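The chain contents come next:
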Amino acid sequence: MAALAANPQTAVLDVQNMTCSLCSITIHKALEKVPGVMEAKVDYDLKTVTVKYDSDKTSPSALVKATTNAGFPSTLHGGEQK
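In this text, all values refer to a predicted model and were calculated from it rather than measured experimentally. (Residues numbered from 1 in each chain as written. Predicted model: local features only at pLDDT ≥ 70, side-chain atom pairs only at ≥ 80, totals over all residues. Heavy atoms only, no water.)

Let's talk about the pairing of strand β2 (residues 37-43)
Item 1. With 6 bridges connecting them, β2 and strand β3 (residues 48-54) associate as antiparallel partners. Note that in β3 the partner of A40 across the bridge is V51.
Item 2. The antiparallel hairpin formed by β2 and β3 contains 4 residues in its connecting segment, where K47 sits at a positive phi of about 60 degrees. (Pairing = 2+ DSSP bridges. Helix = DSSP H or I, 4+ residues; strand = E, 2+ residues; numbered from the N terminus.)

Next up, the structure:
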């Protein structure tokens, strides 16, 4: 029997270059491709994305890399991680 996933972690990323609502679709798709990402909620108005992920499979730095590679550089919001 497979072990259950670790407790989900949440990271909030501040995203640059988001100029239209279609940008959020690109960011969402880029994050969905990262192994361990369970959910990504993009807030166009605040220029942030909240990502729920399995810390055994990915990390905030991998999330930042995914958005940056998609053309939307990001940073961990306030340097915090939950």
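Read on for the rest.
Some remarks on the packing of aromatic side chains
Item 1. Applying the stated criterion across every chain, the model contains 0 aromatic pairs.
Item 2. The ring centre of Y44 lies 3.8 Å from the NZ or CZ of K47, which sits over that ring. (Phe/Tyr/Trp six-rings, centres within 6.5 Å; stacked < 30°, edge-to-face > 60°. Lys NZ or Arg CZ within 6 Å of the ring centre and 35° of its normal.)

Let's talk about the confidence of the model for the protein chain
Any region with low pLDDT has predicted coordinates that should not be read closely.
Item 1. Confidence in the prediction of the protein chain, expressed as mean pLDDT, is 89, and 88% of residues score 70 or more.
Item 2. The least confident element of the protein chain is helix α1 (residues 21-32), whose mean pLDDT is 93; the most confident is helix α2 (residues 60-69), at 97. (pLDDT = per-residue confidence, 0-100.)

Some words on the pairing of β3
Item 1. A large share of β3 lies buried, amounting to 5 of its 7 residues.
Item 2. As paired elements, strand β1 (residues 8-15) and β3 share 7 bridges and run antiparallel to each other. For D14, the partnering residue across the bridge sits in β3 and is T48. (Buried < 20%, exposed > 50% of the residue type's maximum accessible area, 1.4 Å probe, protein only.)

Side note on the side chain of T48
Item 1. Along the chain, the position of T48 falls in strand β3.
Item 2. Residues in contact with T48, not counting those within four places in the same chain, are V12, L13, D14, V15, M18, K41, V42 and D43. (Contact = heavy atoms within 4.5 Å.)

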